[in-house]
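Residues per chain are reported as follows:
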Amino acid sequence: MPKISVVMPVYNTKEEFLHASIKSILNQSYSDFEFIIINDGSTNNAKEVILSYPDSRIKYFEQENHGLIYTLNKGLSLSQGEYIARMDSDDISLPERFAKQVNVLDKNSDIGAVGSYIKLFPTPDFEVKYAITPTYLDLLRENQLAHPVVMFRKSVLEQFNLKYNNCLYAEDYELWSRLIKVSKIYNIPEVLLKYRRHDNTISAIHSDLQSQNTQKTKQNMLDFLTHDKKLQHKICQLLAPKYIYKLFGFIPILKIKRKSDCDKWYLFCLIKFKTTKKV
């Protein structure tokens, strides 16, 4: 049984991008993994590129085109490892990624998923940082895990029947919104993945639908807290970036007129998350 199952869907990825992505996984310093590559009905030479690597860790699967969500869930079901690592077919994992993520999960049984900072390339070339220990409130404000660098604890997914739902182009964010109710999330505060920006990324092609489904996820997160629309509006006001000075452990220190509002919100969240374990 491998320690890690790497899940990488492939659909018509450019040859040069696919080569770079596969090599970045095979060259990891931590080598105890199976590499599940699912060709989701590609019509280019993706199959030939994948099969050009004579590495026994690669497990190649081919199917008619079913889309990313179906393919991701198939990858989860095929995984045999204790941990499941996500990877996109056009990104590049840095050599120490797996070693550092395994170290975090091995030492912290309460963490269900671990990510890291990422670096966008080729342009714009800059780092994207996330909260190191995101809370529910952090996640409600904005996505706090870069999808292609996440490593899951498989037992958490199985225990709480967690998989990707049909939330197109925001399926990762929607999954995090359920995962964080039952397990901690952690980001290693350093870049472990280079995220390729190009004209064919989901964010570039499907930005409108991605935005709509992101907002639906945020609304579901608000509904989990309360169905009081006035309180939901207040929460959104408090979480707006221009109001936030610090957000840590459910205790927001905010630039608001009445400290009592902050105290009530803190108590409400504290009670809610101490007593709730539904997904």
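Procedures and definitions
- Residues numbered from 1 in each chain as written.
- Predicted model: local features only at pLDDT ≥ 70, side-chain atom pairs only at ≥ 80, totals over all residues.
- Heavy atoms only, no water.
- Axes fitted to C-alpha atoms, helices over the stretch in contact; angles between N-to-C directions.
- Helix = DSSP H or I, 4+ residues; strand = E, 2+ residues; numbered from the N terminus.
- Parallel < 35°, antiparallel > 145°, perpendicular 65-115°, else oblique.
- Contact = heavy atoms within 4.5 Å.
- Nonpolar A, V, L, I, M, F, W, Y, C, P; charged D, E, K, R; others polar.
- Polar contact = N/O pair within 3.5 Å; in protein donor to acceptor, adjacent residues only side chain to side chain.
- Salt bridge = Lys/Arg side-chain N within 4 Å of Asp/Glu carboxyl O.
- Buried < 20%, exposed > 50% of the residue type's maximum accessible area, 1.4 Å probe, protein only.

Caption draft 1: View of the packing of helix 7 (residues 171–179) against helix 9 (residues 207–225). Between helix 7 and helix 9, whose axes approach to 9 Å, the crossing angle comes to 10 degrees. The angle between helix 7 and helix 9 falls in the class roughly parallel. Of the residues in helix 9, those touching helix 7 at Tyr173, Glu174 and Ser177 are Thr214, Thr217, Lys218 and Met221. A breakdown of the residues in the contact of helix 7 with helix 9 according to their chemical character gives two nonpolar, three polar and two charged.

Caption draft 2: Fine view of the side chain of Thr71. Looking at the element boundaries, Thr71 is found in helix 3 (residues 68–78). A distance of 2.9 Å separates a polar atom in the side chain of Thr71 from a polar atom in the side chain of Gln63. Separated by 2.7 Å, the side chain of Thr71 and the backbone oxygen of Gly67 make a polar contact. When neighbours within four sequence positions are excluded, Thr71 is seen to be in contact with Pro9, Ile38, Asp40 and Gln63.

Caption draft 3: Examining the pattern of salt bridges more closely. Under the counting rule described, the total for this entry stands at 13 salt bridges. Lys3 is the partner of Glu82 in a salt bridge, and the nearest nitrogen-oxygen pair spans 2.8 Å. Of this pair, Glu82 sits in the loop between helix 3 and strand 4 (83–86) while Lys3 sits in the segment before strand 1 (4–10), and the two are 79 residues apart along the sequence. What makes Glu82 partly exposed here is its relative accessible area of 39%. Measuring nitrogen to oxygen at the nearest pair gives 3.1 Å for the salt bridge that ties Asp106 to Lys3. One end of the pair, Asp106, is in helix 4 (residues 97–107); the other, Lys3, is in the segment before strand 1, and 103 residues separate them in sequence.

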